[in-house]
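# Observations on the model geometry
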Amino acid sequence: MSKMIIPEDYKPHLNLIETEVAIKMIKDTFERRLAEQLRLTRVSAPLFLLKNTGLNDNLNGIEKPVSFTSFELNHDDEIEIIHSLAKWKRDALHRYGFEKHTGLYTDMNAIRKDEELDNIHSMYVDQWDWEYVISEVDRTLDYFKAIVSKIYNALLDVEFLMIRHYPQLGESILPDEIFFITSQELEDKYPDLTPKQRERMITKEHKAVCILQIGDILKSGHKHDGRAPDYDDWSLNGDILVYNTQLDDALEISSMGIRVDDKALKEQLTKAHANDRLELPYHQNIINHVLPLSIGGGIGQSRLCMFFLRKAHIGEVQASLWDEDTMKQCADHDIHLL
């Protein structure tokens, strides 16, 4: 493990059995609230996809998916374990025939073998992936903020429920409203800090923040963070962060955005030097207006559980694999890995 934070005098608020019960309560409640807020229908999701469809999430473009072949398929058909369903969902909106201002959500399980492991990162990724059909007039920052606020309302409902059931968790952390700031405004506010340091400062101040417009180059000549060029429109996306009191740091719980139209797709692929992707079926379906305009994102299930249960390590709310040093440090400091 490259980085491990041990909070001073850390004691878990719930034992292992209580934690498992609480995890299910969080997941059931948030999933229901999310579907109600956004008019979403739950659908089944794949664990793997064919590489040549272009439907797998490329993340920052450097992470390599776990891949394999099957004797039942063509030898040349490489199969990839998903990183996320960012592109698959938009294709599914078309195949299922969802109407405007309705959409889907799914339980997504993925393997990210190149993930740098620490308190909040695991090789195993579990999140709710959701996608929602919009119209051309909805492709604005104000509309994006309105959708973020609906998701935030669901977070407020869950925090209230958990504190009512488990008063030992302490007082609420989330404010009544989420704070919005663009990545450029954040750089202007803290020009001498790194992007991660800026996130910590702004989230510690406001407790719940949505950082807008991530992926493009800022005035400094650097990006706030990397984003694949072919699903989010970099001018109409954002990350939701909350303040993790145990780690005294920002905790990103969702990355989401209004998706690229044909114009944004071509512009961003050019900036990313990835125009070769234009020939893939998914990208052709955007250019030819086969796929609907949409907004969507992923919401980390384990990270939500970490936050609401005041846990110090993601391994306290999910079963994954860790190196021996990590397991020993956790055992020595009352951090009980599942």
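Residues numbered from 1 in each chain as written. Predicted model: local features only at pLDDT ≥ 70, side-chain atom pairs only at ≥ 80, totals over all residues. Heavy atoms only, no water.

## Quick notes on the overall build of the chain
- In terms of regular secondary structure, the chain is built from nine helices and eleven strands.
- The globule rule puts the C-alpha radius of gyration for 338 residues at 20 Å, and the 20 Å found for the chain is close to it.
- In the chain, buried positions account for 52% of the 338 residues.
- Sequence separation of 24 or more characterises 74% of the internal contacts of the chain that already satisfy a separation of 6 or more.
- Entry remark: accessible area of the chain is about 15,600 Å², with carbon and sulfur atoms responsible for 51%.
- Distance between charge centroids for the chain: 3 Å, based on 39 positive and 58 negative side chains. (Helix = DSSP H or I, 4+ residues; strand = E, 2+ residues; numbered from the N terminus. Rg over C-alpha atoms; globule rule 2.2 N^0.38 Å. Buried < 20%, exposed > 50% of the residue type's maximum accessible area, 1.4 Å probe, protein only. Contact = heavy atoms within 4.5 Å. Areas by Shrake-Rupley, 256 points an atom, 1.4 Å probe, with all protein chains shown as cover. Lys, Arg positive; Asp, Glu negative; His and termini not counted. Charge placed at Lys NZ, Arg CZ, Asp CG, Glu CD.)

## Comments concerning the pattern of salt bridges
- Counted under the stated rule, the structure contains 24 salt bridges.
- Two residues, K27 and D126, come together in a salt bridge whose shortest N-O distance is 3.7 Å. Separated by 99 residues along the polypeptide, K27 in helix α1 (residues 16–38) and D126 in strand β6 (residues 124–133) bring together distant segments of the chain.
- Owing to a relative accessible area of 22%, K27 belongs among the partly exposed residues under this scheme.
- Note that R33 and D157 form a salt bridge whose closest N and O atoms lie 3.3 Å from each other. Linking R33 in helix α1 with D157 in helix α3 (residues 141–165), this pair joins segments that are 124 residues apart in sequence.
- Of the residues examined, D157 reaches a relative accessible area of 31% and is grouped as partly exposed.
- Residues joined by salt bridges that share partners form a network here, namely K89, D129, E131, D232 and R259. (Salt bridge = Lys/Arg side-chain N within 4 Å of Asp/Glu carboxyl O.)

## Description of the sheet that holds strand β11 (residues 294–300)
- Spatial strand order, β1-β5-β6-β11-β10-β9-β8-β7: eight strands in an open sheet with mixed pairing. A strand with exactly one partner marks an edge of an open sheet, and here the two such strands are β1 (40–42) and β7 (179–182). Going across the sheet, the axis of each strand differs from the next one's by a mean of 25 degrees, ignoring polarity.
- Summarising the sheet, strand β5 (residues 103–111) and β6 pair through nine bridges and their orientation is antiparallel. Of the residues in β6, the one forming a bridge with A110 is V125.
- Across the sheet, helix α2 (residues 86–96) is in contact with β5, β6, β10 (249–259) and β11; its angle to β6 comes to roughly 35 degrees.
- Of the strands in this sheet, β5, β6, β9 (232–244), β10 and β11 are in contact with helix α8 (residues 301–308), which crosses β11 at around 55 degrees. (Pairing = 2+ DSSP bridges. Axes fitted to C-alpha atoms, helices over the stretch in contact; angles between N-to-C directions.)

## Focus on the packing of α1 against α3
- Taken N-terminus to C-terminus, the directions of α1 and α3 make an angle of 150 degrees; their axes are 9 Å apart at the nearest point. Relative to α3, α1 is oriented roughly antiparallel. As α1 packs across α3, the resulting crossing turns out to be right-handed. Along the contact surface, α1 presents A22, M25, I26, T29, F30, R33, L34, Q37 and L38, while α3 presents I147, K150, I151, N153, A154, L155, D157, V158, L161, M162 and H165. (Parallel < 35°, antiparallel > 145°, perpendicular 65-115°, else oblique. Left-handed = near helix turned anticlockwise from the far one by under 90°.)

## Observations concerning empty space enclosed by the protein
- Enumeration according to the criterion identifies two cavities of 30 Å³ or more in this entry.
- In this structure, the largest cavity occupies an estimated 40 Å³ of space.
- Together, P12, L14, N15, L16, T19, K311, E316, H336 and L338 line the largest cavity.
- Its residues placed into classes, the lining of the largest cavity shows four nonpolar, three polar and two charged.
- Along its surface, the second largest cavity is lined by I173, N244, T245, Q246, M306, F307, R310 and K311.
- Its residues placed into classes, the lining of the second largest cavity shows three nonpolar, three polar and two charged. (1 Å grid on protein atoms, 1.4 Å probe; cavity = no way out; pocket = protein on both sides within 12 Å on 5 of 7 lines; lining within 4 Å. Points joined across faces, edges and corners; volume = space filled by probe spheres on them. Nonpolar A, V, L, I, M, F, W, Y, C, P; charged D, E, K, R; others polar.)

## A short note on the packing of aromatic side chains
- Summed over the entire model, instances satisfying the criterion amount to three aromatic pairs.
- Seen in terms of ring centroids, F30 and W128 are 5.0 Å apart; in terms of plane orientation they differ by 45 degrees. Their pairing is tilted. Of this pair, F30 sits in helix α1 while W128 sits in strand β6; the two residues are 98 residues apart in sequence, bridging distant segments of the chain. Taken as a pair, F30 and W128 share a single burial class, namely buried.
- Above the ring of F180, the side-chain terminus of K145 is found at 5.5 Å from the ring centroid.
- Of note, K207 hangs over the ring of Y243, and the distance from its end group to the ring centre comes to 5.4 Å. (Phe/Tyr/Trp six-rings, centres within 6.5 Å; stacked < 30°, edge-to-face > 60°. Lys NZ or Arg CZ within 6 Å of the ring centre and 35° of its normal.)

## Notes on α2
- With respect to burial, α2 is a largely interior element, eight of its eleven residues being buried.
- For α2, the full list of buried residues reads A86, K87, W88, K89, R90, D91, A92 and L93.
- Residues of α2 that are buried in the fold lie against β2 (48–50), β5, β6, β10, α7 (281–287) and β11.

## Re the sheet that holds strand β4 (residues 79–81)
- Overall, antiparallel pairing links the three strands, which are arranged β2-β4-β3 in an open sheet. Edge strands, defined here as strands with exactly one partner in the open sheet, are β2 and β3 (67–68).

## Considering the nonpolar core
- In terms of nonpolar packing, the biggest core is built from 55 residues, with F30, W130, I151 and M162 touching the most fellow members.
- Within the residue set of this core, elements represented by two or more residues are α1, β6, α3, β8 (208–212), β9, β10, β11 and α8.
- Top element by residues in this core is α3. It accounts for eleven residues. (Core = buried A, V, L, I, M, F, W, Y, C linked by side-chain atoms within 4.5 Å.)

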